[in-house]
Amino acid sequence: MGNIVRWDSQNGSKTPHWGYFMQGLAITTILASAVDRMSGRLQTPSILSISWIQKASSVGEAFLPIFNSHFQLADVYGNVFSVLRQWQDGVCRWLYESFPAVMKHLPGPHNKIFSLFDTILDFISQEVKRHKKDLDRNYPRDYSDTFLIEMEKHKESDLGFTETNLALCSLDLFLAGTETTSTTLQWALVYLIKYPDVQEKVQAEINRVIGQTRLPTMADRPNLPYTDAVIHEIQRMGNIVPLNGFRMAAKDTTLGGYFIPKGTSIMPTLTSVLFDKNEWETPDTFNPGHFLDAEGKFVKREALLAFSAGKRVCLGEGLAKMELFLFLVGLLQKFYFSAPDGVELSTEGVTGTTRVPHPFKLADVYGNVFCIRLGRHKTVFVSGWKMVKEAIVTQADNFVDRPYSPMVNRIYSGNSAGLFFSNGKVWRRQRRFAMAMLRTFGLAKNSMEQSICEESRHLQEAMEKEEGEPFDPMPLLNNAVANIICQIVFGKRFDYSDHNFQSMLKNLIEMAYLEGSMWALLYDAFPALMRHLPGPHNGIFCNSKSLEASIRREIERHKLDLDPSNPRDYIDTFLIEEKHNRRSEQGFEEGNLVLCCLDLFLAGSETTSKTLQWGLIYLIKNPHIQDKVQAEIDRVIGQTRLPTMADRPNLPYTDAVIHEIQRMGNIVPLNGFRMAAKDTTLGGYFIPKGTSVMPNLTSVLFDKTEWETPDTFNPGHFLDAKGRFVRRDAFLPFSAGKRACLGEGLARMELFLFFVSLFQKFCFSTLDGVELSTEGIIGATRTPYPFKIYAKAR
Ligand code: HEM
């Protein structure tokens, strides 16, 4: 539970402490992405919802929901936990609730909430007026008439029978009763299309019981048990109101042993009930069998709380059930539903207050080149192996630069901008210098191989110290991988318990996360405003300042005993070059040394560590693959000698598994931003000079035309019929072309040596009954949800 909430002891019981910031990736994630949902599966907000698409003269424009992921908090933090209330409802609402006085006067999407409400209320008021004109007290026609009559009876009372409240109650009926039911019907189509056998079985039952001509009635329901079960399962999986309505503690009370003070907001999360592992046989699978007994008769299930429960249960439950049954049966009686060719419908939702089906994968619909507005800026998304290759390899020079970003500009101020964000001559010179240095201090001399093996031993020892107890592997892998960069940059490794090392890692993790979060997008969209607002985006700058300070301390230490004829590491080599080459247009100045070191840490530690985390997840989920890897390692290397890079050609299956982990792990799901250096065309579209371009790597690593089973973990992608390793063109986790990852060689060496030495020594598994998730938290990198493992010595 440690890092989500601080629990204070009060009167012998525990109190959720509101709003305390804690450490660890879980929390950075929550705060940074303005996590809006407190639920068993927490979904981060999609503030960027599709709003308009037009593929007119040059390129189409759309807003898209990129940042959408699940977070299984209850598994980690128990069944009662708290998060900052103000983060719960998406950035717009966060901004409004935090700064109502400011936001009231600013333009922005939050105003849309109010203008939409005004429009609907206007419409309702017109209707109420119309009703008043021809009201017949003896023959009320509808809700408005009945309410108006009641209003006359209760003139003096405070029971809410006022005209304003009639408008508000009507508004609530529309809000609560329209989208929920319509969205459930949309999920129904998604599931029935994804499970055509279920659709056919429902249609066979309808044909048998009702036939093709007469309309369905509610009296048919008991005779359609399979159809009824399917509708219930759609409601369960559709999980249309993933949270629930907020409740409030009416008085001091205790819940699950925790003290809940009067007035505290409570969220009885429905997702955690609809997917409760103790209640459902196959909680994560669409399975109408949940509602059928052995004889195929319909059975009610207590944990189907799609409408919530108790005194505040959905008031429209009966109506909604009737609508769902009659609409669906009516539709399926008449139509067979399917998706357009080649389109795979997604069951991941776009979460607001309700969870809405994804409007398909964008590239499937809009083609391989389309334009999206992220904040103020338009970005052209390039998708699929062929088009990405066209952009970053064939037209390498046209797309080699990185675009301007106010956030980057604030961190990387000055003439030079490190390695990742620099452009032009400085970038070319510094990239060449860094690559030469990597070769000198490692890749060429085999010394890096030794350092990695040495670090593997420390990692193994740390895992052995867990003594068979379950542990979170993330911190240990971060330590090991960051130490490799420390060797290269600082010329030394740190003990895992070193305080300075740990605080540097904490800064790195937070900064890497925030840079890829929507806070960075917001900052880049509204720099002048965000600069003055409190919020997690400020963490980007605080963390970078602390990191820079640590790096500067190391540089000063290096200067004290620098031997120009015997450079020990990157910093020494840079300082020597600076002396010879005082021309700052090549970037050899101390400010830039700090930024280049920062980039090597930012780009080189978490990426590799997360790939190893995904490796553990995939091999724990696929124990037969883990067995096969271990058998190959035993056969080729045995149990005693350390692995070396020379073993790689003799371990084709292991090599294929590592490649498949990188493909599915999809650690840099987008890529680095690029910019058109001049007017050009791509896929027939005109791209003006200066446009931001995103050669999307996910679309390459999962390209349907390149991979046999793109969505399945399958090491066979990298093996021929004889079990030999084969390279694949579309394997681009490091991107490609002139800007491709500068650390690819090092990263591949680390992945191979760490991976082989870990599986040589340990069998990995997870807690009984826990299913590790392969969905990731999306920022600049794709992070696994926190998980725990057992490492059993082999
Ligand atoms: C599994 C590990 C890694 C992955 C998946 C990865 C992936 C990437 C990707 C996708 C880019 C953007 C390339 C582009 O814009 O086309 C990149 C850039 C970069 N990476 Fe890596 N990387 C990894 C490890 C490393 C390591 C270990 C280092 C450090 C030695 C490193 C240093 C860099 C740098 C400095 C850049 C910027 C290159 C430039 O702009 O010229 N990366 N990486």
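Residues numbered from 1 in each chain as written. Predicted model: local features only at pLDDT ≥ 70, side-chain atom pairs only at ≥ 80, totals over all residues.

### A short note on the overall build of the chain
Along its length, the chain carries 29 helices and 19 strands. Per-residue burial over the chain gives 41% buried out of 794 residues. (Helix = DSSP H or I, 4+ residues; strand = E, 2+ residues; numbered from the N terminus. Buried ≥ 20, exposed ≤ 12 C-beta atoms within 10 Å, placed from the backbone.)

### Brief notes about the site of the ligand
Close to the ligand lie 24 residues, the nearest being Gly604, Gly672, Ser735, Cys741 and Gly743. Secondary-structure elements contributing two or more residues to the shell around the ligand are α24 (590-604), α25 (606-621) and α29 (744-761). With four residues, the top contributor of residues to the shell around the ligand is α24. (Near = placed C-beta within 6 Å.)

### Quick word on unusual backbone geometry
Located in the positive-phi region is Asn666, a residue other than glycine, with phi close to 45 degrees. For Asn666, the position within the fold is in the loop between α27 (652-665) and β12 (674-675). What makes Asn666 buried here is the crowd of 21 C-beta atoms within 10 Å. One non-glycine residue with positive phi stands out, namely Ser735, at about 65 degrees. Within the element layout of this structure, Ser735 appears in the loop between α28 (698-701) and α29. Overall, the presence of 19 C-beta atoms within 10 Å leaves Ser735 in the partly exposed class.

### Points about the UniProt feature "binding site: heme" (unreviewed entry) in the chain
According to UniProt, the "binding site: heme" (unreviewed entry) feature falls on Cys741. With respect to the secondary-structure elements, Cys741 resides in the loop between α28 and α29. (UniProt positions renumbered as here; feature names shortened; annotations may be inferred.)

### Looking at the environment of Gln460
Structurally, Gln460 is set in helix α17 (residues 447-464). Taking the C-beta count within 10 Å as the criterion, Gln460 has 19 such neighbours and is therefore assigned partly exposed. Not counting residues up to four positions away in its chain, the partners in contact with Gln460 are Ser757 and Lys761. (Contact = placed C-beta atoms within 7 Å.)

### Observations concerning the nonpolar core
Counting 98 residues, the largest nonpolar core has Ile485, Val489, Leu508, Cys597, Leu598, Phe754 and Phe755 as the members making the most contacts within it. Looking at this core element by element, the count peaks at 12 residues for helix α18 (residues 473-490). When neighbours within four sequence positions are excluded, Leu508 is seen to be in contact with Leu547, Phe601, Leu602, Ser605 and Glu606. Grouped together as the second largest cluster of nonpolar side chains are 26 residues, Ile392, Leu682, Ile687 and Leu697 included. (Core = buried A, V, L, I, M, F, W, Y, C linked by C-beta atoms within 7 Å.)

### Quick notes on the confidence of the model for the chain
In low-pLDDT regions, the fine details of the predicted coordinates are not to be read closely. For the chain, the mean per-residue pLDDT works out to 79, and 80% of the residues sit at or above 70. Here helix α1 (residues 25-32) is the element of the chain with the lowest mean pLDDT, 22, and α27 is the one with the highest, 98. Low pLDDT (under 50) marks residues 1-90, which in the prediction has 215 contacts with non-local residues, meaning those over four places away or in another chain. For this predicted complex, the interface confidence reaches an ipTM of 0.97, while the overall pTM sits at 0.64. (pLDDT = per-residue confidence, 0-100.)

### A short note on helix α26 (residues 623-636)
Taking 1.5 Å as the rise per residue, α26 with 14 residues should run 20 Å; its terminal C-alpha atoms sit 20 Å apart, in good agreement. Along α26, the residues that are buried comprise Ile625, Val629, Gln630, Glu632 and Ile633. Buried residues along α26 cover an arc of 160 degrees about the axis, so they all sit on one side. Exposed residues lying more than 90 degrees from the buried face of α26 are Pro623, His624, Asp627, Ala631 and Arg635. Against α25, α27 and α29 lie the buried residues of α26. (Expected span 1.5 Å × (residues − 1). Arc of directions from axis to C-beta.)

### Some words on the environment of Glu632
Assignment of secondary structure puts Glu632 in helix α26. Given 20 C-beta atoms within a 10 Å radius, Glu632 is considered buried. Put simply, Glu632 and Leu651 are 19 residues apart on the chain and 6.6 Å apart in space, counted from C-alpha to C-alpha. Discounting residues that sit within four places of it in the chain, Glu632 has contacts with Leu651, Tyr653 and Thr654.

### Some thoughts on the packing of α26 against α29
Closest axis-to-axis distance for the α26/α29 pair is 9 Å, and the angle between their directions is 95 degrees. It follows that α26 is roughly perpendicular to α29 by the angle criterion. Within the contact between the two elements, α26 uses Gln626, Val629, Gln630 and Ile633 and α29 uses Val756, Phe759 and Gln760. Taken together, the residues that form the contact of α26 with α29 break down as four nonpolar, three polar and no charged. (Axes fitted to C-alpha atoms, helices over the stretch in contact; angles between N-to-C directions. Parallel < 35°, antiparallel > 145°, perpendicular 65-115°, else oblique. Nonpolar A, V, L, I, M, F, W, Y, C, P; charged D, E, K, R; others polar.)

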